[in-house]
Amino acid sequence: QGKIIKMNREEKIEFSKEIMEPVWQAILQMHNNGLIHRDLKPDNIMLGTDNNPKIIDFGIAGKLNEINKKEGIIVGTPRYMAPEQISGGKIDRTTDWFNIALSFIHMMTGEKILRGGKLTLDESKKQLEAYRINPEKTLERIIKAMKTHEVPENIATLLLQMILPHREMRPNPDEVLGKLGGAIN
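Let us look at the structure shown here.

**Considerations on the overall build of the chain**
Then, number 1: Counting its secondary structure elements, the chain contains eight helices and four strands.
Then, number 2: For the chain, the succession of helices and strands along the chain, N to C, is α-β-β-β-β-α-α-α-α-α-α-α.
Then, number 3: Rg of the C-alpha trace for the chain: 16 Å, near the compact-globule value of 16 Å for 185 residues, within the 12% margin.
Then, number 4: Overall size of the chain, expressed as C-alpha extent along the three principal axes, is 40 × 35 × 35 Å.
Then, number 5: Evaluated residue by residue, the chain yields a buried proportion of 44% over its 185 residues.
Then, number 6: Residue pairs in contact within the chain that sit at least 24 positions apart in sequence constitute 67% of those at least 6 positions apart.
Then, number 7: Surface accessibility of the chain: about 10,000 Å² in total, with carbon and sulfur atoms responsible for 49%.

The following block contains the structure:
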């Protein structure tokens, strides 16, 4: 059974930094085993009894070499989806990294790319398409939130690179963990 932990701004940042590396290690291991999660979000990261983070809910995970054979299928939680994911386009490992980077931004700042309460799939698609075409306004809002919440600049920079709207603009997933190590230490 999970529990809600109330944290102040500094505690949120420290907690996020503590669990980032093990969560990212787990994602890298999952990818190395040929799987992609497709629904990484804060609700799918749980702390075990040993206080180590665990990724849960593999209900829509799939094999990397098979996922893109069924184009047009949209699965995941719209609020954390990458633009290519919500449009039913080709996804890859950078899609999971987008999901988890956005999750950490949300955990540390409360900020998300999509604005509004309960969004329909169409509303989510519209907002993500606008972000894909013109990301500056959204990125400025997220940068401001990270500065306000005093997210360390090196972590903020890496997270921002991981949520760029086009897959080819994002860092190589094999390099992300090395960059993270330098950012959190």
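Having seen the model, we can carry on.
**Let's talk about the pattern of salt bridges**
Working definition: two side chains of opposite charge can pair if their charged atoms are close together.
Then, number 1: Tallied over the full model, the rule gives seven salt bridges.
Then, number 2: Aspartate 39 is the salt-bridge partner of lysine 41, the closest N and O atoms lying 3.7 Å from each other.
Then, number 3: A salt bridge links arginine 141 to glutamate 111; the shortest N-O distance between them is 2.3 Å. Here arginine 141 is found in helix α6 (residues 136-148), whereas its partner glutamate 111 is found in the loop between α4 (93-109) and α5 (121-133), with 30 residues between them in sequence.
Then, number 4: Given the relative accessible area of 17%, arginine 141 is considered buried.

**A few points about the side chain of glutamate 111**
Then, number 1: Relative accessible area serves as the criterion here: at 16%, glutamate 111 is assigned to the buried category.
Then, number 2: Of note is the side chain of glutamate 111, whose polar atom sits 2.3 Å from the side chain of arginine 141.
Then, number 3: Apart from residues no more than four positions distant in its own chain, glutamate 111 is found in contact with Ile105, His106, Arg141, Ile142 and Ala145.

**Digging into the environment of glutamate 153**
Then, number 1: Within the fold, glutamate 153 resides in helix α7 (residues 153-162).
Then, number 2: The class for glutamate 153 is exposed, based on a relative accessible area of 66%.
Then, number 3: Glutamate 153 sits 27 residues away from lysine 126 along the chain, and the two C-alpha atoms are 30 Å apart.

Criteria and thresholds
Residues numbered from 1 in each chain as written. Predicted model: local features only at pLDDT ≥ 70, side-chain atom pairs only at ≥ 80, totals over all residues. Heavy atoms only, no water. Helix = DSSP H or I, 4+ residues; strand = E, 2+ residues; numbered from the N terminus. Rg over C-alpha atoms; globule rule 2.2 N^0.38 Å. Buried < 20%, exposed > 50% of the residue type's maximum accessible area, 1.4 Å probe, protein only. Contact = heavy atoms within 4.5 Å. Areas by Shrake-Rupley, 256 points an atom, 1.4 Å probe, with all protein chains shown as cover. Salt bridge = Lys/Arg side-chain N within 4 Å of Asp/Glu carboxyl O. Polar contact = N/O pair within 3.5 Å; in protein donor to acceptor, adjacent residues only side chain to side chain.

Purely geometric numbers; function is a separate question.
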